[in-house]
Amino acid sequence: MPVIPHCRSGALAAALLTCLSLAACSSVADSTRGALTAVTPYKIEVVQGNFVSKEQVGALRTGMSRQQVRDILGTSLLSDVFHANRWDYVFTIRRQGVEPQQRRLTLYFDGELLQRFEGDEMPSEEEFVATLDTRRKSGKVPELEVPEDKLKKIAPAEPEKSAEETAARAPLPASYPPLESTGR
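This is a predicted model, so every value here is computed, not measured.

Criteria and cut-off values
Residues numbered from 1 in each chain as written. Predicted model: local features only at pLDDT ≥ 70, side-chain atom pairs only at ≥ 80, totals over all residues. Heavy atoms only, no water. Salt bridge = Lys/Arg side-chain N within 4 Å of Asp/Glu carboxyl O. Helix = DSSP H or I, 4+ residues; strand = E, 2+ residues; numbered from the N terminus. Buried < 20%, exposed > 50% of the residue type's maximum accessible area, 1.4 Å probe, protein only. Pairing = 2+ DSSP bridges. Axes fitted to C-alpha atoms, helices over the stretch in contact; angles between N-to-C directions. Contact = heavy atoms within 4.5 Å.

Engineer: Would you take a moment to explain the pattern of salt bridges for this structure?
Structural biologist: Pairing of side chains with opposite charge becomes possible as their charged atoms draw close. If you walk through the whole model with that rule in mind, you get 3 salt bridges. Where Arg 66 meets Glu 112, a salt bridge forms, and the shortest distance between an N and an O atom there is 3.6 Å. In this pair, Arg 66 sits in helix H3 (residues 66-73) while Glu 112 sits in the loop between strand S3 (98-110) and strand S4 (113-119), placing the two residues 46 residues apart along the sequence. Looking at Glu 112, the relative accessible area reads 52%, which means it is exposed. The partner of Glu 118 in a salt bridge is Arg 116, with the nearest N and O atoms 2.8 Å apart. Judged by its relative accessible area of 40%, Glu 118 is partly exposed. In this structure Arg 116 comes out as partly exposed when scored by relative accessible area, which is 37%.

Structure representation (structure tokens):
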């Protein structure tokens, strides 16, 4: 009967080896999971719809024709067969590291004339551009002048020339000869 303990020990060794393998996989997964959460993939910027500014909304007046409204706001994003007297302007933007933005403006027409409009508070064009610029702004202005000690290190001063060296240079002519011959 010594064969039975030998089989049991082999099965026990196999089970122990399997458990150790699974435990190793689990610890690797935990350590790599931490590393993967630190790295974020690039997410593409998604812009959809018509941006409508505060200035454009300010130019709208009840009683305007559809063409006048289209000249100010552009063609509406949504055209609905069931609501022919309603135009919806929807704008969404999704960017990495910035809260998604969504704005809506709905215009109601009575026949060919603008009856009323309602929607979200629209930013001015300047405010909207400021929200797009995600570069970090530092308050420190860079130094634009080189201090005297650094200037001497960069470009050592030329040695002063003696009066003889200065006099040895021939004076420049008062005028130069013409570039082309005048004998044509």
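Engineer: What's the story with the pairing of S4 in this structure? I'm lost.
Structural biologist: Within a regular beta strand, the side chains point alternately toward one face of the sheet and then the other, so they alternate between its two faces. Judged from the 6 bridges that link them, S3 and S4 form a sheet pairing that is antiparallel. For Leu 107, the partnering residue across the bridge sits in S4 and is Phe 117. Between S3 and S4, which pair antiparallel one after the other, the connecting turn spans 2 residues, and Gly 111 there sits at a positive phi close to 70°.

Engineer: Whenever I open this one, the sheet that holds strand S2 (residues 86-95) confuses me. Can you help?
Structural biologist: Within a sheet, neighbouring strands are paired by backbone hydrogen bonds and run either parallel or antiparallel to one another. One open sheet holds the 4 strands; their spatial order is S1-S2-S3-S4, and the pairing between them is antiparallel. Two strands bound the open sheet, and with one partner strand each, they are strand S1 (46-49) and S4. Each strand axis lies, on average, 10° off the axis of its neighbour in the sheet, ignoring direction. Strands S2 and S3 of the sheet are contacted by helix H4 (residues 125-132), whose axis makes an angle of about 30° with S2.

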